[in-house]
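Reading the structure
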Amino acid sequence: MSEENSVVLSVEGMTCASCVGRVEKTLVAVPGVSEVAVNLANETARVSFTAPADLASLIDTLRKAGYPAATGEVTLDVESMTCASCVGRVERKLKASHGVIDAQVNLATETAIVHYAIGAVSPTDLARISTDLGYPAKVKADADPDKQDRKAAEITRLARLTLVAALLAFPVFIIEMGSHVFPSMHMWIEDTIGLQNSRLVQFVLTTVVLFGPGLRFYTKGFPLLFKGAPDMNSLVALGTSAAYGFSLVSTFTPGVLPEGTANVYYEAAAVIVVLILLGRFLEARAKGRTGEAIRKLVGLQAKTARVERNGEIVELAVEEIAVGDLIHVRPGEKIAVDGDVTSGSSFVDESMITGEPVPVEKSAGAAVVGATVNGTGALVFQATKIGSDTMLAQIIQMVEQAQGAKLPIQGLVDRITSWFVPAVMAIATLTVLSWLVFGPDPALSFALIAGVAVLIIACPCAMGLATPTSIMVGTGRAAEMGVLFRKGDALQMLQEARVVALDKTGTLTEGRPELTDLIVADGFDEDEVLGLVAAVEAQSEHPIAEAITRAAASKGLTGAAVEAFTSVTGYGVEAKVEGRHILVGADRFMTREGIDLGALEGSGDSLGLKGRTPLYAAIDGKVAAVIGVSDPVKPTTPAAIAALHDLGLRVAMITGDNQGTADAIAQDLGIDIVVAEVLPEGKVTALEDLRTHGKLAFVGDGINDAPALATADVGIAIGTGTDVAIEAADVVLMSGDLTGVVNAFDISSRTMRNIRQNLFWAFGYNTMLIPVAAGVLYPSFGLLLSPVLAAGAMALSSVFVLTNALRLRWVKPVIKPTSKGLAQDLSGLKPALAEYAGE
């Protein structure tokens, strides 16, 4: 079976929802293509395919459909090639690489010219492919075509075209509309240049507008119309051509028209082009801002680093760093790539990655992440991840993946827009026929005005932009707050959830038990008992044992010799310490050994009611103490649970603790549903039971949470958790506490609300204004919508949708992180994120 490939292509020429549908249908029809997701807002198509489909066939298919994929050509300077076999090796490797269309390598000039799909691979990645093969390569200066540069060039070009078209259309508008509004101006024109000459002037200026700045509508619109797949350009082309063609007849052969109908509509054709170009220009500017989150992340990357090479410290471009290099970081500098500290000590600001405000202490052995900022100390670290393997690069890939996602709600848009443009053309035809049959004189003029207005006002630009722009801005803002949506539909599913289930250990709590109470029996010394118990527990690897030994170590109570250590499964441990017989374990262990707990039994019960685990210690056959151990609740947990309640969610806790302990914790935290005494393998069953309360989100961080994360409607992994848990999750939180969960729910809710607002506006606008444009208000009110006003309203609709989506850029976190940052190794995110790096 052929290996499935996935590629992201930058697609040019898409302007509305019908374009999106056309591109999807075209690509899906290619043999071997299994899945296509087209995004109008960032103008991309993500395609999954197997043989016989390949990159070249996909690009050729898009070209034939009238929506060419953006391609680029880059020249690489390649070193160390010595013969034809070197050339062949580099050329074959490049040609076989993801996103490459063709490659030619020249030994004489030591260069490689690579033709590639923009969006699928970057010139820097291509240089690294050659370098990893053993032939160091660099992108030739000024040979790196950047997508943002292309976007900026397109915005500049649209601005220039709009200005030229406006300057040419202005006299046409003044001559024609001025004559209608001011009778004296009509008389002045007739007495000076004459009506026919004024029409000739309008003809010349309008012709330049239509076949100059407006030519793009005809070169794209008519071919698609003739192929039976009309889009927005087709509507504009038809509408303006009808107005222009009728005006030509009125100007040069007025005798063929019924008397009184030989009017000109040059101003409608010219101004429509101006307004739609203006709308495209405003759209392009707004769409540029929707990707600001990605640009901010890219901008975090360091450009150079001080690298130790051959005993010297040299400044190199980040692209030249290799795994294993020692990198020196001065105070205040950015850390270039991911690595492990080998010497030095400092505090590093990781807020741009995790959202945590407090710098994290780093010393030998600690992990550092590229793009974070060093504090006042100096560090030396060894590079472990470079290029697309770094944490930041993979976060960028994850955000891009989420931004290109298609939510279930988009299916409604797709179904409607698949027939929308043909339906509009049918309505326009029916409108013209109705006016010709039933309309007052001059019926032909009224029919033309109404038909053109319907074609222009119905352009489904706003429909196509409504969902993807909100997704782009919402997921980008979420990433800035440390919330990464790994799977597209999670953005919609999360706000539909009614219950959020939380794993207790490591999610609600710190995940590390601490000794909280030590109550000794009469006649025993507290420090002596703790020292003896800790000596026994030091032989055990149980987390509770570690809590006791840490507490003893903090008091300097260590070093006692232990003999005859025995672990009694399910009960506790026993040993001899300095000749004394020590037992440590649950109450049932004491009962089994015939030891009377006396007054300490009540103390142990009280500890259990407080949510602590009671253990008993016996020395030489007498109960000596009851020990309380608990896993401390994270400082941010109470506020986070209160915020989840404020968002209308029910909160459930799943734990292996006994029911009494679990109930005590739940009561303190205000948790609604408690599922206690659950074995790791029982979490999935517990979640299935909780589903009776509504759609379910589950938050966890451990290996045993992976099945539950996959089972829940939305799985949320805390970023400081394990690799397996993160891979199974739909949403990954970069911070280690529940504040990220609250922010994830909030940004999901706000984004979906924003999408619904956009869709209501886009669909409502078309639904209401098409009948108005067709003339339903004329019989009662004498109102007929001018095609010029229709073009202005259509452009305004798209700009409104984009502007509304951009409001998500200013969403504030519900709870700002207050913890001390990530003490754990952030490389735990690597496997989950690597999926998007193609590993």
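Residues numbered from 1 in each chain as written. Predicted model: local features only at pLDDT ≥ 70, side-chain atom pairs only at ≥ 80, totals over all residues. Heavy atoms only, no water.

If you check an unreviewed UniProt entry, the chain appears there as P-type Cu(+) transporter from Actibacterium atlanticum. Checking UniProt for the chain, the heading Subcellular location (unreviewed entry) contains the comment "Cell membrane". (UniProt positions renumbered as here; feature names shortened; annotations may be inferred.)

Now for the pattern of salt bridges. Here the structure, examined in full by the defined rule, presents 22 salt bridges. The salt bridge involving Glu688 is made with Arg691; its shortest N-O contact spans 3.1 Å. We classify Glu688 as partly exposed; its relative accessible area is 40%. Several salt bridges converge on common partners, so that one network encompasses Asp60, Arg63 and Lys64. (Salt bridge = Lys/Arg side-chain N within 4 Å of Asp/Glu carboxyl O. Buried < 20%, exposed > 50% of the residue type's maximum accessible area, 1.4 Å probe, protein only.)

A cis geometry characterises the amide bond from Ala51 onward to Pro52, with omega recorded as 15 degrees. Mapped onto the elements, Pro52 comes out in the loop between β3 (44-49) and α2 (55-65). Across the junction of Asp441 and Pro442, the peptide omega takes the value -10 degrees, indicating a cis bond. You can see Pro442 is positioned in the loop between α14 (410-438) and α15 (443-457). In this model, Ala564 sits at a positive phi of 50 degrees, which is unusual for a non-glycine residue. (Helix = DSSP H or I, 4+ residues; strand = E, 2+ residues; numbered from the N terminus.)

This part covers a nonpolar patch on the surface. Residues Leu433, Leu436, Val437 and Phe438 make up a contiguous nonpolar surface patch of about 450 Å² in total accessible area. Among the secondary structure elements, Leu433 is positioned in helix α14. Since its relative accessible area comes to 48%, Leu433 is described here as partly exposed. (Patch = residues over 30% accessible without salt bridge, like charges linked within 9 Å, V, L, I, M, F, W, Y side chains within 5 Å. Areas by Shrake-Rupley, 256 points an atom, 1.4 Å probe, with all protein chains shown as cover.)

For the structure on display, the rule yields 12 aromatic pairs. For the ring pair Phe446 and Tyr778, a centre distance of 5.2 Å and an interplane angle of 55 degrees mean the geometry is tilted. Placement of Phe446 in helix α15 and of Tyr778 in helix α29 (residues 778-781) is noted, with a sequence separation of 332 residues between them. The exposure class of Phe446 is buried, given its relative accessible area of 16%. Ring geometry for Tyr571 versus Phe589: centroids 6.3 Å apart, planes at 50 degrees, classification tilted. Highlighted residues: Tyr571 in the loop between β20 (562-568) and β21 (572-577) and Phe589 in helix α21 (residues 587-592), separated in sequence by 18 residues. Under the relative-accessibility criterion, Tyr571 is labelled partly exposed at 31%. (Phe/Tyr/Trp six-rings, centres within 6.5 Å; stacked < 30°, edge-to-face > 60°.)

So, on to the sheet that holds strand β25 (residues 650-654). Spatially, β17-β29-β28-β27-β18-β25-β26 is the arrangement adopted by the seven strands of the open sheet, whose pairing is mixed. The sheet is open, and its two edges are formed by β17 (483-485) and β26 (673-675), each paired on a single side. If you compare each strand with its neighbour and ignore which way they point, the axes differ by 20 degrees on average. Packing of helix α28 (residues 739-774) onto the sheet brings it into contact with β17, β18 (499-503), β27 (696-700), β28 (714-718) and β29 (731-733), and relative to β17 it is tilted by some 55 degrees. (Pairing = 2+ DSSP bridges. Axes fitted to C-alpha atoms, helices over the stretch in contact; angles between N-to-C directions. Contact = heavy atoms within 4.5 Å.)

Here the focus is the packing of α15 against helix α30 (residues 787-806). Helices that pack against each other are described as a pair by the angle of their axes relative to one another and the distance between those axes. It is the contact of α15 with α30, at a shortest axis distance of 8 Å, that shows an interaxial angle of 5 degrees. The orientation of α15 relative to α30 falls into the category roughly parallel. Residues Ile449, Val452, Ala453, Ile456 and Ile457 of α15 form the contact with α30, whose own contacting residues are Pro787, Ala790, Ala791, Ala793 and Met794. Residues belonging to the contact of α15 with α30 are distributed by class as follows: 10 nonpolar, no polar and no charged. (Parallel < 35°, antiparallel > 145°, perpendicular 65-115°, else oblique. Nonpolar A, V, L, I, M, F, W, Y, C, P; charged D, E, K, R; others polar.)

The positions that UniProt labels "transmembrane region" (unreviewed entry) are, in the present scheme, residues 158-180, 200-219, 231-252, 264-282, 416-438, 444-467, 759-778 and 784-806. In this annotation, residues 200-219 is assigned 85% helix and 0% strand; the end-to-end C-alpha distance for the span is 25 Å. Along residues 759-778 one finds 85% helix and 0% strand; the C-alpha atoms at either end are 28 Å apart.

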